[in-house]
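# Commentary on secondary and tertiary structure
Each chain is listed here by its residues.
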Amino acid sequence: MQTELKQAIRDLIKERNAVLLAHNYMRDEVQEIADITGDSLALSQEAAKTAADIIVFCGVHFMAESAAILSPDKTVLLPRLDAGCPMADMITADELIKFKTTLPGIPVVTYVNSSAEVKAESDICCTSANALKVVNSLHDKEIIFTPDRNLGHYVSQFSDKKFHMWGGYCPTHERLKPETVKELKSRYPDALFICHPECNPLVTALADHACSTSAMYDFCRNSSAKTFIIGTEAGILYRLKLENPDKEFILASQALFCPNMKLTSLEDIYEALKTLKPVVRVEESIRLRAKTALDRMLAVPRD
Ligand code: 13P
Ligand code: SF4
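Residues numbered from 1 in each chain as written. Chains lettered and ligands numbered in written order. Predicted model: local features only at pLDDT ≥ 70, side-chain atom pairs only at ≥ 80, totals over all residues. Heavy atoms only, no water.

Closest axis-to-axis distance for the helix α1 (residues 2-15)/helix α14 (residues 266-275) pair is 10 Å, and the angle between their directions is 30 degrees. When the axes of α1 and α14 are compared, the pair comes out roughly parallel. The element α1 and its partner α14 pack so that their crossing is left-handed. Contact with α1, carried on its side by Gln2, Leu5, Lys6, Ala8, Ile9, Leu12 and Ile13, involves Leu266, Glu267, Ile269, Tyr270, Leu273 and Lys274 of α14 and no other residues of that element. Tallied by class, the residues present in the contact of α1 with α14 amount to nine nonpolar, one polar and three charged. (Axes fitted to C-alpha atoms, helices over the stretch in contact; angles between N-to-C directions. Helix = DSSP H or I, 4+ residues; strand = E, 2+ residues; numbered from the N terminus. Parallel < 35°, antiparallel > 145°, perpendicular 65-115°, else oblique. Left-handed = near helix turned anticlockwise from the far one by under 90°. Contact = heavy atoms within 4.5 Å. Nonpolar A, V, L, I, M, F, W, Y, C, P; charged D, E, K, R; others polar.)

Here we take up the site of ligand 2. Taken together, the residues surrounding ligand 2 are Tyr25, Val60, Cys85, Pro86, Asn113, Cys170, Glu198, Cys258 and Met261. Most atoms of ligand 2, that is more than half of them, are within 2 Å of grid points of the second largest pocket. (Near = heavy atom within 4 Å. 1 Å grid on protein atoms, 1.4 Å probe; cavity = no way out; pocket = protein on both sides within 12 Å on 5 of 7 lines; lining within 4 Å. Sits in = over half its atoms within 2 Å of the grid points.)

Here the focus is the sheet that holds strand β11 (residues 227-231). Reading across the sheet, the four strands line up as β10-β9-β11-β12 and stay open at both edges, with parallel pairing between neighbours. Both edges of this open sheet fall to β10 (209-210) and β12 (248-251), since each of them pairs with a single strand only. Pairing geometry for β11 and β12, over four bridges, is parallel. When the sheet's bridge partners are listed, Thr227 is paired in β12 with Glu248. (Pairing = 2+ DSSP bridges.)

Within the fold, Glu174 resides in helix α9 (residues 171-174). A polar contact is formed between the side chain of Glu174 and the side chain of Asn200, at a distance of 2.9 Å. (Polar contact = N/O pair within 3.5 Å; in protein donor to acceptor, adjacent residues only side chain to side chain.)

Now for the layout of surface pockets. Roughly 610 Å³ of internal volume is contained in the largest pocket. Lining the largest pocket are 28 residues, with Ser128, Ala129, Asn130, Lys133 and Ser212 positioned closest to its centre. At the level of elements, α3 (40-49), α7 (131-136), α8 (149-156), β10, α12 (213-222) and α15 (284-299) are the ones that each hand at least two residues to the lining of the largest pocket. Of the residues that constitute the lining of the largest pocket, the class distribution is 18 nonpolar, six polar and four charged. Quantified by volume, the second largest pocket comes out at close to 280 Å³. Together, 29 residues line the second largest pocket, and Tyr25, Asn113, Cys170, Glu198 and Met261 are the ones closest to its centre. Those elements giving two or more residues to the lining of the second largest pocket turn out to be α4 (61-70) and α9. The dominant element in the lining of the second largest pocket, judged by the number of residues it contributes, is α9, at three residues. Considering only residue class, the lining of the second largest pocket consists of 13 nonpolar, 12 polar and four charged. (Points joined across faces, edges and corners; volume = space filled by probe spheres on them.)

Moving on, we come to unusual backbone geometry. A cis amide bond, omega -20 degrees, links Thr146 with the succeeding residue Pro147. With respect to the helices, strands and loops of the structure, Pro147 is situated in the loop between β7 (142-146) and α8. A cis geometry characterises the amide bond from Lys277 onward to Pro278, with omega recorded as -5 degrees. Among the secondary structure elements, Pro278 is positioned in the loop between α14 and α15.

Okay, here's the thing in structure tokens:
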């Protein structure tokens, strides 16, 4: 049944000249049929350059919105419109405008896990893969960082700038506790602990390496270690295991499960491709301003 459905989706993708983008946290079967799996940065780069007419975004709302901002001439489908990101909902454009008035002249760096309206009020966006480079690309001595206080804290350790932090966080990553990691590290003394910078600072302080989801694949592939304790959303394990059959991956906690990232099923994708709904659109005046912040991010050299 799943095999037939997967084939029907692939057929529709071809017929519609569509591309299926999937975040690294998606269900295994969704990652399996995607044209491209990646982190937020890779997926937004793909959305900006794709030749497809239709982008089927398997991720959460802000990711599809970024695709709609970058590629206004494409139809962007988000198979589950209810797949949101609680962190993105932790700041509104009005709240950011108010915050900016208390810190006049200080540029705003906004994590892509945010709404189009918040991006429109920002100077530049970043993802977890390029946050330090983005921050360092600015000449200012102080920055406002929104909405993720944990990513902001992580980056601030490697920067001379003063960070004015918004207090948002990812409820999924925040659930990983330092005691849990310490206990696992003592149980597996040869294992490396790798986590996402969305984790609490007490957790990232214990990490052998903290990085974006896609950077984790490179790190684990290139490392001579055989066992890894993974501190990010469970969906990452699918490809880690597939690409490294001789290595062991231990999810640091069963609480590392993002319900929003797990909403999209094969049935939802099929339905979206068949009906060409639900479409994600961004109002033009917001889109243009949000695009400026995303374009500035995409122009920051990678190395
Ligand atoms: P990446 O930027 O590593 O893809 O992470 C996005 C995200 O939502 C993490 O929770
Ligand atoms: Fe948002 Fe966290 Fe889920 Fe990523 S894992 S989409 S930051 S709630």
